[in-house]
Each structure stands twice: as structure tokens, then as C-alpha cells.
Amino acid sequence: MRWRTVATKGFRLKEQHKEYAVEKNTVIAGGMGELGLGIEGILRRAARSLIEQAIEAEVAVLLEEFATVRMVDGRQAVVRNGHLPEREIMTALGPVPVKVPKVRDRSGSGIKFNSVLAPPYVRKSRTVAATVPWLYLHGVSSGHMQEALSILLGDEAKGLSPAVLGRLKAEWAQEYAHWQHRSLQGKRYAYWWVDGIYTNLRAEEDPRICLLVIIGVTAEGKKELVSVSDGLRESKASWLEILRDLQARGLETAPLLAIGDGAMGFWAALDEAYPETGQQRCWVHKTANILNELPKAQQSKAKAALQEIWMAANRQAAEKALDVFVRNYQAKYPKAVAKLEKDRAELLAFYDFPAEHWRHIRTTNAIESTFATVRHRTTRTKNCVSRSSFLGLGFKMLQQAEKRWIGIYAPEKVLQLFAGVKFIDGLPANLTLPDDQQTAA
């Protein structure tokens, strides 16, 4: 295959009201005919060149800004200093190697270069379909998405105007609406992780909106998105509407266990819709709530004591560790103890399920890990969105995340649960060891 050098139009980075224009040749495999491949085709042929051009432009903006800052001997204070080790940003088309320049501040003022395009925490950019909702939910408004994607993909992405992005959001809303009406006939879930995820996106009517999310474990041990809706996290009515909708679409069999934070209206709704479902409180949420009632000097020791409970080899040992915590903290910190004792049974429910699954079902990490970056980055978001846009964007992000979810350990144990096998302290009832042997194990 011959390589042709094709001149492209420049693109611009805007930072602190300055512009740095890049006029440079871009190498594209296969010539101009390849430009008809669309955004992902262009990305395949020119990703590295375009990304490195954009990063070089970012560095130039920084150096230009501090060009007048000089050392006592007249030397420039802020200068280039080589490159960081090459790393890869994964795309759906394969890894794209990127070398990010380093900048040295010889004045000791702490000036650093952090690329907006390839910051340290970015390792994966799966597809354009994943990137756009990611950018939006992470605090980039519609007006800036076109600029961000143009930098990533070159001027050939100029079709991604705000109007085009508006149509994309409308398509996502339609996809969500279709997905939300899918049949659940014959579906069965062993576990549900449940949470209400707030972002700083604002609805047109409400000051702050919340995604109510349910993730389930199928008979094959795979994690699957069950429901995404909006509502009030603490409202029984919001959650009950979701559960009734699942039932109306054919989800007649209740999940065996639901895992979530105790401060949700979900539990009251669950008691009404699926009363046979077991309840497991999230130990991460519970630990944080208890530690909030303790002085900082006591928190490290208390956290270790709480860990002794949920890491115990069996329920009996966990009960003893819980009693020790109550005895040690009751007199001085009754509020902390009350928060622990009120959910005693729900905190230890996991002992009635396979030990291989304990790492999964003691916390809501399945949801928390998916939204960790969203909660970190949405502080920049100022724009209002419609309800349909909000749900469509949230759905698209979760849909992309779902492709990377890893199933639970020992998936064959799910079939045993569905077959009615009872578990005691993590083992099938007929294989339960004496207490002293379990403790030793």
C-alpha cells in the first residue's frame, strides 16, 4: 500500500483566550479515497498523527504564555524537557501510542503541563459512540464537544456541530426508550446492585437530577444492566415505579439478594414488589456513615474493627466481632453504634450465599466503580438538559461500560442457588464445616 501526504486544514486550540494554529501535513494511508470511511476510519489512519499534533499545540500554548518569565541569568524559566514514556490509549480499533511532552519549570514555581486531550487518568477511548456521552457527562457542554472531538479527530470531524450532537442525543434518547420497553419474560437474576447516582447535571425543572440504576447477575454469572431511570433516590414511589415496570415487562421471579446503601427508598419499595428478596447493606457506605460519627483520632482504629466483622470467616465470628465493636464504642459514641446495630441482619446477609461471591455482594462496587469518574468530573457541568437527554446520555454511558464488566467468580454457583441449594457460611449446607474448622480455614 502506498502512503500519500495530504495537507489538511489547521485546527485551533483555545486556552485562556489565546489561539495556536497548527498548519501541518497529515499522513493518511490510502490517499484521499480513505476520507470516505467516516470518523472511525479517519481515526484508524491518522489517530497518532492528529493526537500528537494536538498535544504539541497544547505545549506551544503553555510555552507561549510563560515565554516572558525569565531566570536571573536571563534564561527562559519554562522550557521543554523531553517526553514522558510512551503509553497507549486503547480504541475499538486497537492501541494508539501517544508520547506526551514534559515541561520543566526552572524557577521552581510549580508550573506543569497536563494535556487536556491525554491527561494522566485517560487510558481508554473505546469508540466515538462512547466518547461523546463520556465527555458530556464529565462536564463538557454541547458547545465544547465539537471542539474536543475536532482536536481528537482533525478537521474531518467538523460535521460534529452542535446541531449534529443534538441529533445524536435524540438518537440516544430513542435507543433508551426502546431498551426501556424490552421484554424481560423468562429473565432471572441472582443478585441486584442498586444505587442512586447524582451528577451535577441539572434538569430543566429540577435543580439536580439522579440516575436510579439496577445492575443484575444472570444465570450465567454475567453482570447486566437491568434498569436505568431518573427519580428521587430516597423516594419509595420512584423505586416502586421502576420495580412495577420491571414486573409489567415480565420479570416475575424476584432476585435472590439486593445490595445497596441503607439510605434509599428502594428497600420499602422492594418489600412491596419483591418481598422474598434478601437484603444486603453495602459495607462501604455503612463504614463511611459510622466513621462520620466518630472523631478523626478514632476513625482508623474503628475502621479496622469494622473490617474484622465483614472479613470474618463465618457468621458466628462476625457476630462476635460486631458485639466487640458495640461494647467498645457504645458509651462514648452511641450514634455510631446505633447505625451499625440497626442493620445488623442486613449487613451479614452475605453469609447465606456462596463464599466465592462474597467479594462481589458485600458492597455496591459494581455501580460505584462505573460512576467514580463521573462523580469526580461533573463539578464542571453548568448546562441544563432535558429529561430525555439526561436518560439517553446516562444509558449510553452505562451501555458502553457494560461491555467491559467482568462476570462474578464461580458463576456455576448461581445455578446452585437457582436450584434451591442452601448455603451456610458460604458453603452448601451439606458441606458445612464445624465452626472450629471454618475458623481455621
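First, a word on scope: everything that follows refers to the structure included in this document. (Residues numbered from 1 in each chain as written. Predicted model: local features only at pLDDT ≥ 70, side-chain atom pairs only at ≥ 80, totals over all residues. Heavy atoms only, no water.)

The next point concerns the sheet that holds strand E13 (residues 257-260). Read across the sheet, five strands follow the order E12-E11-E9-E13-E14 without closing on themselves; strand pairing throughout is mixed. Each end of this open sheet is capped by a strand with a single partner; those strands are strand E12 (223-230) and strand E14 (278-281). Taken pair by pair, the neighbouring strands of this sheet meet at an average axis angle of 20 degrees, ignoring direction. Pairing of strand E9 (residues 191-198) with strand E11 (residues 210-217), which is carried by seven bridges, proceeds in the antiparallel orientation. Following the sheet pairing, Ile197 is matched in E11 by Leu211. Packing against the sheet, helix H14 (residues 387-402) makes contact with E11 and E12, and its axis sits at approximately 170 degrees to E12. (Pairing = 2+ DSSP bridges. Helix = DSSP H or I, 4+ residues; strand = E, 2+ residues; numbered from the N terminus. Axes fitted to C-alpha atoms, helices over the stretch in contact; angles between N-to-C directions. Contact = heavy atoms within 4.5 Å.)

As a further point, take the nonpolar core. Proteins that are soluble and globular tend to have nonpolar side chains buried together. Tyr191, Val213, Leu225, Ile309, Phe325 and Leu340 are the most contacted members of the largest nonpolar core, which totals 54 residues. Broken down by element, the residue count for this core peaks at six residues, all from helix H9 (residues 315-329). Once residues within four sequence positions are removed from consideration, Leu340 is found in contact with Trp283, Ile290, Leu306, Ile309, Leu322, Phe325 and Leu347. In this structure, Trp239, Phe266, Leu270 and Tyr274 belong to the second largest nonpolar core, which totals 23 residues. (Core = buried A, V, L, I, M, F, W, Y, C linked by side-chain atoms within 4.5 Å. Buried < 20%, exposed > 50% of the residue type's maximum accessible area, 1.4 Å probe, protein only.)

For the coordinates displayed, the defined rule picks out twelve aromatic pairs. Judged by centre distance (5.0 Å) and plane angle (75 degrees), the rings of Phe266 and Trp267 are edge-to-face. With relative accessibility at 0%, the residue Phe266 sits in the buried group. On the basis of relative accessible area, Trp267 is assigned to the buried category, the value being 5%. Positioned over the ring face of Tyr409 is Arg359, at 4.0 Å from the centre of the ring. Taking the ring centre of Phe350 as reference, the NZ or CZ of Arg362 above it sits at 5.4 Å. (Phe/Tyr/Trp six-rings, centres within 6.5 Å; stacked < 30°, edge-to-face > 60°. Lys NZ or Arg CZ within 6 Å of the ring centre and 35° of its normal.)

For the rest of this paragraph, the subject is the layout of surface pockets. Within this model, the second largest pocket holds a volume of roughly 310 Å³. Lining the second largest pocket are 16 residues, with Tyr176, Gln180, Ser229, Glu241 and Arg387 sitting closest to its centre. Counting only elements with at least two residues in the lining of the second largest pocket, the list comes to helix H4 (162-180), E12, helix H5 (236-248) and H14. Of the residues assigned to the lining of the second largest pocket, the class counts are five nonpolar, six polar and five charged. Both domain 2 (126-178) and domain 3 (187-424) contribute no fewer than three residues apiece to the lining of the second largest pocket. (1 Å grid on protein atoms, 1.4 Å probe; cavity = no way out; pocket = protein on both sides within 12 Å on 5 of 7 lines; lining within 4 Å. Points joined across faces, edges and corners; volume = space filled by probe spheres on them. Nonpolar A, V, L, I, M, F, W, Y, C, P; charged D, E, K, R; others polar. Domains from an automatic or database assignment.)

A few words on the pairing of E13. Remember that side chains alternate between the two faces of the sheet whenever the strand is regular. Burial along E13 is two-sided: the residues Leu257 and Ile259 and Ala258 and Gly260 are all buried. As judged from the three bridges shared by E9 and E13, these two strands associate in the parallel manner. Of the residues in E13, the one forming a bridge with Trp193 is Ile259. Where E13 and E14 come together, four bridges link them in parallel fashion. The residue of E14 that forms the bridge with Leu257 is Gly278. Between the parallel pair E13 and E14, the chain is carried across by helix H6 (residues 266-273), and the sense of this crossover is right-handed. (Right-handed = clockwise from strand over helix to strand, strands pointing away.)

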